[in-house]
Amino acid sequence: MPPPPQMGIAPTGLSRSGSNKDVLGATVIVLRFLQYSGAMILLGSSLFFLYALPPEGHCAAKSRAWPRSLLACGAVLVFSGALLGLVAQTGLLAGSFSEGFTPDNLAAAVTQMNFGASAIVRATAAAILFFLLAFLAPSRLLWMGSAAGGAVISASLAWMGHGAGTEGPAGLFHLLGDIAHVLAASVWIGALVAFVFLLLPDSGDTQSDAALYNALRRFSGIGAAAVAVIVLSGLINSWFLVGPDRLLDFCTTAYGRVLLAKLVAFAGMLGLAALNRYRLTPALGQALLPVASCAAALLALRRSLFLEMLAALALLGLVAWLGTLPPITSGL
Amino acid sequence: MKKLSAAIIMAALCMAGPALAHTDLVKSIPAADSTGPAPKALILTFSGKVVPAFTRFDLAMGNGMKIALTTVIAADGKVITCTPRQSLAVGSYKLTWHAASAADGHRTDGSFSFGIK
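One structure accompanies this document, and this report is about it.

**Observations concerning unusual backbone geometry**
Residues and elements named next belong to chain B.
Move 1: Of note, the bond from isoleucine 29 into proline 30 is cis; its omega dihedral lies within 30 degrees of zero at 0 degrees.
Move 2: As for its placement among the helices and strands, proline 30 is situated in the loop between strand 1 (25–29) and strand 2 (35–36).
Move 3: Phi is positive for aspartate 33, close to 65 degrees, though the residue is something other than glycine.
Move 4: Within the element layout of this structure, aspartate 33 appears in the loop between strand 1 and strand 2.

**What about the sheet that holds strand 2 of chain B?**
Move 1: Strand order in this open sheet of 5 strands is 2-9-8-4-5 (chain B), and the pairing throughout is mixed. Each edge of the sheet is formed by a strand with only one pairing partner; in this case those strands are strand 2 and strand 5 (66–67) of chain B.

**A closer look at the pairing of strand 7 (residues 79–84) of chain B**
Residues and elements named next belong to chain B.
Move 1: As paired strands, strand 3 (residues 42–46) and strand 7 are joined by 4 bridges and run antiparallel to one another. Within the sheet, the bridge partner assigned to leucine 44 lies in strand 7 and is isoleucine 80.
Move 2: Pairing between strand 6 (residues 69–73) and strand 7: 5 bridges, direction antiparallel. Counterpart to isoleucine 73 in the pairing with strand 7 is isoleucine 80.

**A word on helix 8 (residues 254–287) of chain A**
Owing to its 3.6 residues per turn, the α-helix brings residues three or four apart onto one side.
Move 1: The end-to-end C-alpha distance of helix 8 of chain A is 47 Å, a good match for the 50 Å that 34 residues give at a rise of 1.5 Å each.
Move 2: Taken as a whole, helix 8 of chain A has its buried residues at Tyr255, Gly256, Leu259, Ala265, Phe266, Met269, Leu272, Ala273, Asn276, Leu280, Thr281 and Leu284 of chain A.

**What to know about helix 7 (residues 206–241) of chain A**
Residue and element names in this part refer to chain A.
Move 1: Compared with the 52 Å implied by 1.5 Å per residue over 36 residues, the 49 Å span of helix 7 between its first and last C-alpha is a close match.
Move 2: At serine 220, helix 7 shows its maximal kink, close to 35 degrees.
Move 3: Of the residues trailing helix 7, glycine 243 is marked for its positive phi of about 90 degrees.

Calculation rules
- Throughout, residues of each chain are indexed from 1 in the direction in which the sequence is written.
- The order in which chains are written sets their letters, starting at A; the order in which ligands are written sets their numbers, starting at 1.
- Where totals are concerned, whole chains, interfaces and linings use all residues; where local detail is concerned, this predicted model gives features only for residues with pLDDT of at least 70, and gives and counts side-chain atom pairs only at 80 or more.
- Each helix is a run of DSSP H or I of at least 4 residues and each strand a run of E of at least 2, with the numbering of both proceeding from the N terminus.
- Any two strands between which DSSP finds at least two bridges are classified as paired.
- Each residue after the first adds 1.5 Å to the expected span of a helix.
- Exposure criterion: with C-beta atoms placed from backbone coordinates, a residue whose C-beta has 20 or more other C-beta atoms within 10 Å is buried, one with 12 or fewer is exposed, and one in between is partly exposed.
- Values of bend correspond, residue by residue, to the angle between axes fitted over the seven residues ending at that residue and the seven starting there.

Shape is all these values report; function is a separate question.
Quick look at the structure:
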């Protein structure tokens, strides 16, 4: 029986300063955050335009200027984050930022590593979406295309971190759990971004306020479903990354502490979402009655949704950091 | 059918256990902190597939003198054979490794010592 094929490893050692590594590590985290943010917008906000806003009229997404610009910004975030992130992560592995630019190292990252291949997928999808958004007239078909591209981009994020890191028969469950987690998060956070844009201008017109109220009501069921998927898939991911017998290591590892902070941010988002759904949205409904004024109800909603958005940004930053840390189950 | 699906899922989860394929050194010949006769090659087994372009090994004697190595990685990407270009004399040695995981893109580092008598 012939011996298995073998590949040589360069015999040279690495020279790397600690500060260089720290700067590259921080750069990778920031670029991961940009990609998460862009992916949430492309999938979640596009879907929001389809299910939450009226298809026609001056309240429709296609009749406003900001929806297309928002999605184009999402595509730019993903495109630039994916390519710069590829170079930064390659540099981190090779020992310096300049090493991240060498063709051999980039080729190895793209052809032999999950994060490299998925970065190319994201950058390509984002580039296509950007041109579609730039040259096509706003329409429901455009939002559908953007949502489809956003789904591909969001799902590919599972290959950027630990999602594809489990081998064996259970690896597929971990991967699917991670994909479901990020897709559901995109639906929630992308909608949140759209709500912030809807609430930014004080329209003063009852039709816009009614459209906002209807959007909140339509989102409530979808948001609850997204939360259910996030919790279930989060438990699956935790099985692999924390482990049922390592729960006590939560506070003694960097991964555990960042995950705890993420759970706190998630709990904050949940609390604010419940407040919006059960108190502030009904209050807006009451305020839309002819004898009442919407100003106070809108102000309360604006404050709550901005706070929820801040919690979501903090959560995404923590997720970007989390993916770069060795999970608890690695025992490192 | 639902029970069967649930059983398959649970079986798959249990088979994997909580052990993630986050690449780390799981076995070495010679073993860490062992002392024995000089091996012809050092064999290192990692928990996950490593990427040759970003994986390095350095062997040094107790006095700091570096020993050149010829390294090859097996087809599975997990087993690396480091052959010293000179026979190892009696003394203590330290092997330092840097590995990059193909699965999660993480870099892991480590070292272990062994002795030759």
